[in-house]
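# Coordinate inspection notes
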Amino acid sequence: QVQLVESGGGSVQPGGSLRLSCAASEFGLDYHTIAWFRQAPGKEREGVSCITSTDGTTRYADSVKGRFTISRDNAENTVYLQMNNLEPEDTAVYYCAASRVVTTSFFFAMYDFWGQGTQVTVSS
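These notes cover the structure that comes with them. (Residues numbered from 1 in each chain as written. Predicted model: local features only at pLDDT ≥ 70, side-chain atom pairs only at ≥ 80, totals over all residues. Heavy atoms only, no water.)

### As for the overall build of the chain
Within the chain, the regular secondary structure consists of zero helices and eleven strands. Seen in sequence order, the chain has helices and strands lined up from the N terminus as β-β-β-β-β-β-β-β-β-β-β. Relative to a compact globule of 124 residues, whose C-alpha radius of gyration would be 14 Å, the chain shows 13 Å and is just as compact. In terms of overall dimensions, the chain has a C-alpha envelope of 40 × 25 × 25 Å along the principal axes. In the chain, buried positions account for 47% of the 124 residues. (Helix = DSSP H or I, 4+ residues; strand = E, 2+ residues; numbered from the N terminus. Rg over C-alpha atoms; globule rule 2.2 N^0.38 Å. Buried < 20%, exposed > 50% of the residue type's maximum accessible area, 1.4 Å probe, protein only.)

### What about the state of the cysteines?
Following the criterion strictly, the structure yields one disulfide and no others. Disulfide partner of cysteine 22: cysteine 96, at an S-S distance of 2.2 Å. Taking the torsion about the S-S bond as the criterion, the cysteine 22 to cysteine 96 disulfide, at about 65°, is right-handed. Placement of cysteine 22 in strand β3 (residues 18-24) and of cysteine 96 in strand β9 (residues 92-99) is noted, with a sequence separation of 74 residues between them. Here cysteine 22 matches cysteine 96 in class, with each residue buried. (Disulfide = S-S within 2.5 Å.)

### Details of the pattern of salt bridges
Overall, the coordinates contain six salt bridges when judged by the stated rule. Here aspartate 62 makes a salt bridge to lysine 65, at a shortest N to O gap of 3.1 Å. One exposure class covers both aspartate 62 and lysine 65, and it is exposed. Arginine 67 is paired through a salt bridge with aspartate 90; the nearest N and O atoms lie 2.7 Å apart. A residue pair is termed long-range when its members are at least 10 positions apart, and arginine 67 in the loop between β6 (58-60) and β7 (68-73) and aspartate 90 in the loop between β8 (78-83) and β9 qualify at 23 residues. For arginine 67, a relative accessible area of 9% corresponds to the buried category. Here aspartate 90 falls in the buried class, since its relative accessible area comes to 1%. (Salt bridge = Lys/Arg side-chain N within 4 Å of Asp/Glu carboxyl O.)

From the geometry alone we can't say anything about function, so treat these as descriptive.
As structure tokens, then:
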């Protein structure tokens, strides 16, 4: 069982930055693929970014390419999502998720463990 805890959300103006953290308990994150998803009010949950456990392959949704960067620190059991040049459309609850398999899929059923989410609000 892996427990994931997100932090780092908050309110920021358009163009601002936030860094989200996903901390895992017990198991080292090097055994899993970690992804960030987000869900805005009235919208479906969507994949934002993921990073594999083997060679650190990353994937980004088109909407965040060039603005968001995912990274992992296996020694700290933590995955980060650096979000720059934030837009109002980035407003959502952000969730991290862990998969037992090596994947770059954003299909949420591939992920076995989920955090509780952290709110990101981008508004002027």
